[in-house]
Amino acid sequence: MNESTQFFAEHGYYVAQQVFTPDEVAALRRHYMQLWADKTPSGDPLVQASYREDRADPLLQYPRLLQMHRWDDASLAYLLDARLRDLLTAMMGQEPYAVQTMMYYKPAGARGQALHQDQFYLKVQPGTCCAAWTALDDCDEENGCIQVVDGSHTWDMLCTVPADTTQSFTDVMVPLPEGVSPTPILMKAGDVLFFNGSVVHGSFPNTSADRFRRSLIAHYIVGDAQKVGEYYHPVLRMDGSEVELGVSEGADRCGVWVDQQGAPVIEMLEIQRLQREHE
Ligand SMILES: O=C(O)CCC(=O)C(=O)O
């Protein structure tokens, strides 16, 4: 195992520095700012509906783009990039399938995203997913860098609770046990953060006066997966060809933290039972 695969196996995440050159990053920034200026239809009705020039929430002026690789060649090239493929193959143990692209502009004043686990949404079976999160700007706490819970790759899917929507544009989050807190990941433009689908992660609000925190994100699933959530179809091999996989249904269990002899452990509960108890 080399340094990156060992770190990823132990911590559930890894930052590969300067995967993309300054010129490539500058070209990507220009490209996505042009898509924004053109209000390019993303194919996702939610994204199109949310461009609002006249609203106080900066995220409505700069909504994230989703699944752009289905209509944008530069996004498809990023998703299938050979450098990402090689790093992912080393960390995931085999060549993955590609299922998602996302572009976050995160302008000054934008809210962050509450702590969550990506596998909760992708529902990969068997196995899990992995993100390749590329910084297009230098990222720190001030402009809302991503944060991860070190070692949470071994955790099961946790049940979500309401999030503080003054800080997060999503409204649910996973709770952390006492004494556990996320680590801010400081990155330079061109660095790529890889993290496993169980890793609890999120991001701070962008509290800077005038800095963007743009990031280009792709999601991959393990190469022996049989099913993934419907939204992530069509599933692509890393050569761009399509592969037929099944559609996974919603999970029927999620975990809650319980105390076991003074240590927090995850107890898995039936979601239906939890819902009944809260009715
Ligand atoms: O970039 C962010 O602010 C959060 C991204 C994220 O949570 C994700 O890619 O799943």
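All values derive from a computational prediction rather than experimental measurement.

1. Side note on the pairing of strand β3 (residues 97-104)
- Most of β3 sits inside the fold, with seven of its eight residues counted as buried.
- In the sheet, strand β2 (residues 65-66) pairs with β3 via two bridges, with the strands oriented antiparallel. Within β3, the residue paired with Leu 66 across the bridge is Met 102.
- Bridge analysis of β3 against strand β12 (residues 215-221) gives seven bridges, and the strand direction is antiparallel. Bridged to Met 103 within β12 is Leu 216.

2. Let's talk about the site of the ligand
- Taken together, the residues surrounding the ligand are Tyr 104, Gly 112, Gln 113, Asp 118, Ala 131, Trp 133, Ile 146, His 201, Gly 202, Ser 203, Ser 215 and Ile 217.
- Going through the elements one at a time, β5 (129-135), β11 (201-203) and β12 are the ones with two or more residues in the shell around the ligand.
- Top contributing element to the shell around the ligand by residue count: β11, with three residues.
- Broken down by class, the residue content of the shell around the ligand amounts to five nonpolar, six polar and one charged.

3. A closer look at the environment of Ala 110
- When you line up the elements, Ala 110 lands in the loop between β3 and β4 (113-116).
- The sequence separation of Ala 110 and Thr 207 amounts to 97 residues, and the corresponding C-alpha distance is 7.6 Å.

Analysis parameters
- Residues numbered from 1 in each chain as written.
- Predicted model: local features only at pLDDT ≥ 70, side-chain atom pairs only at ≥ 80, totals over all residues.
- Buried ≥ 20, exposed ≤ 12 C-beta atoms within 10 Å, placed from the backbone.
- Helix = DSSP H or I, 4+ residues; strand = E, 2+ residues; numbered from the N terminus.
- Pairing = 2+ DSSP bridges.
- Near = placed C-beta within 6 Å.
- Nonpolar A, V, L, I, M, F, W, Y, C, P; charged D, E, K, R; others polar.

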